[in-house]
Each structure stands twice: as C-alpha cells, then as structure tokens.
Amino acid sequence: MLNRWFAPLAVAFSIALSACAPMASPPAGSGGVTEQATIHLVPIGDFPRATADRLAAVIGARFGLSVRIQPRVSLTKQMIDYARRQVPAQEIFDVLEPKRTLLLKDARGVIIGLTTYDMYIRGIDWTFAFAARETPALAAVSTWRMDETHYGKRADDELLFARLEKMVAKSIGALYLGLKESGDPASGMFGAVRSLEDLDRIGSRF
C-alpha cells in the first residue's frame, strides 16, 4: 500500500464554509467566465467516496454548479518522492490531464483531484501544500495535513471536512470565478495558507 510511505510529519502552502451565498457566475468586473461550468471531483487512491459525495453536494449547493464524481484513479510508486515521503502535485496533474482532455473538450469546467496523500509542489521551498493549481482547469487538494490524527489528536471529521471544503472552494474561486488571491487572512481567497492556523482562520466568503 502506498499509504504506508506517508508517515506523520510535523506541520505551508496553498496555491490555490459553507455559509456562503451561492455564486454560479463570476462577479461583475472579475474578468472571469460567464457561462456555467461543471466541477469534476476525482478521488485519488483511498480517498473516501462518502466524503467526495458529501463535498459534491455542498459545493454544488454553494456555487449553484453541477458537480460530478469521476472514477477513482491511482498513483504509481514511481510518482512518489520517497526521500520526502510525499507526492509532488505535478504528478497528480499528470494523472488528471487525460481527464481534462476528455471531460473539458467541449465544455468549461474544473477538475479537482482529492487525495489523502501528503503533497508538496516542486520548485517551491515549502514543506507541504494543502492545495495546488495548474491553469486553466486543474487542481489538487490534500487532506493529509488537515487531519487531526496526524498530530496525535482525536479524529474530528467535521473539522477535516470544513478544511477540505475551504481549499476546494478556493480552487473553484481561482479557476472558475477568476478571483485573485487576497491578503486578508479572513478571506476565502487568502493567498498564503501556510499552516492549519491560517486554514482555520479563513472564512467562507470571498
């Protein structure tokens, strides 16, 4: 099992709750697209299907968009950085790229890979990434560092889901709504989400 290679690490990056009013199109003057899109969620490895289903329902209601769950994909051992015991976001994008070509050939949309693997971004001197984006339509979100059990604490499924939703929403805000990252630590588009404290501080509104 690949998961055995991801031993707990100490807790820095997001490239990239649900109390926000639905936003089905970009705000005026945002420079984003005006037509609706489909959000495609792709579970990776052992990412729980039940969590993906719940996320699809919440994100669909929040943004007024169609959200579809795509078939699960797997990572190969060659994609793992064994020295770091993490997966590079770029490897996830390589796995998602064929789906982008197939699913978005004649339609707008965003494809978001969901993984429980610890993730980092090559070329950035940060320890890990909650999320990463590759324009125009790919994103990856990792729940590894969001999980309280990796810090010797009790599992908190609701807190984990809230954190996941924030990073998925931020990815949609950037890739679909065309929103810029914010310097406001309470904004859902806050740029420098480098710790759990940063992640828990950001709010539901852009």
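These lines cover the structure that appears in this document, whether it is placed above or below. Keep in mind the model is a prediction, meaning the values are calculated, not measured.

**A short note on the overall build of the protein**
Next, step 1: A count of helices and strands for the protein gives four helices and seven strands.
Next, step 2: Shown N-terminal to C-terminal, the secondary structure of the protein runs as helices and strands in the order β-α-β-β-α-β-β-β-β-α-α.
Next, step 3: The proportion of buried residues among the 206 residues of the protein is 53%.
Next, step 4: Accessible area of the protein: about 9400 Å², with a carbon and sulfur share of 52%.

**Quick look at the sheet that holds strand β6 (residues 131–134)**
Next, step 1: Taking strand neighbours across the sheet as the criterion, the five strands line up as β2-β1-β4-β7-β6 in an open arrangement whose pairing is mixed. What marks the edges here is a single partner per strand, and that holds for β2 (66–69) and β6. Pairs of neighbouring strands in the sheet enclose a mean axial angle of 20°, with direction left out of account.
Next, step 2: Pairing geometry for strand β1 (residues 38–43) and β2, over four bridges, is parallel. Bridging from a neighbouring strand, T38 pairs with S66 of β2.
Next, step 3: Running over the sheet, helix α2 (residues 89–103) touches β1, β4 (109–115), β6 and β7 (138–142) and is turned about 135° from β7.
Next, step 4: Packed on one face of the sheet, helix α3 (residues 157–175) meets β1, β4, β6 and β7 and runs near 165° to β7.

**Some points on the nonpolar core**
It is characteristic of soluble globular proteins that their nonpolar side chains tend to be buried jointly.
Next, step 1: Among the nonpolar cores identified, the biggest contains 39 residues, and L41, I112, L114, V141 and V168 are the most heavily contacted of them.
Next, step 2: Of all the secondary-structure elements, those providing two or more residues to this core are β1, α1 (49–63), β2, β4, β7, α3 and α4 (196–201).
Next, step 3: No other element matches α3, which puts eight residues into this core.
Next, step 4: Every residue in contact with L114, bar those within four places of it in the chain, is listed here: L41, V42, P43, I44, F47, A52, L55, V141, L164 and V168.

**A look at the pairing of β2**
Next, step 1: Residues V67 and I69 of β2 are buried on one face, while the alternating residues S66 and R68, pointing to the opposite face, are not.
Next, step 2: Considered for its hand, the β-α-β crossover made up of β1, α1 and β2 is right-handed.

**Overview of α1**
Next, step 1: For α1, which comprises 15 residues, the first-to-last C-alpha distance of 21 Å matches the rise-based estimate of 21 Å (1.5 Å per residue) to within 8%.
Next, step 2: Among all positions of α1, only A52, L55, A56, V58, I59, G60, R62 and F63 are buried.
Next, step 3: Close packing links the buried residues of α1 with β1, β2, β4 and α3.
Next, step 4: Phi for G64, located one or two positions after α1, is positive at around 70°.

Cut-offs used in this document
Every chain's residues receive numbers from 1 upward, in the order its sequence appears when written. Under the rules for a predicted model, residues below a pLDDT of 70 receive no local features and side-chain atom pairs below 80 are neither given nor counted, while totals for whole chains, interfaces and linings still include all residues. Think of the side-chain values as coming from all heavy atoms in the structure, minus any hydrogens and water. A helix here means a DSSP run of H or I that spans at least four residues, while a strand means a run of E at least two residues long, and both kinds are numbered starting from the N terminus. Burial status follows relative accessibility: with a 1.4 Å probe on protein chains alone, a residue under 20% of its type maximum counts as buried, one over 50% as exposed, and anything between as partly exposed. Here, Shrake-Rupley sampling with a 1.4 Å probe gives the accessible areas, and only protein chains in the shown set may cover a residue. If DSSP finds at least two bridges between two strands, the strands pair. Interaxial angle, 0 to 180 degrees, is taken between N-to-C directions of lines fitted to C-alpha atoms, where a helix line uses only the stretch in contact. In this analysis, two residues are considered to be in contact whenever any of their non-hydrogen atoms come within 4.5 Å of each other. We define a nonpolar core as any set of buried Ala, Val, Leu, Ile, Met, Phe, Trp, Tyr and Cys residues linked to one another through side-chain atoms lying within 4.5 Å. Whether a crossover is right-handed depends on one test, that the path from the first strand over the helix to the second runs clockwise when the strands point away from the viewer. Multiplying 1.5 Å by the residue count of a helix minus one yields the expected span of that helix.

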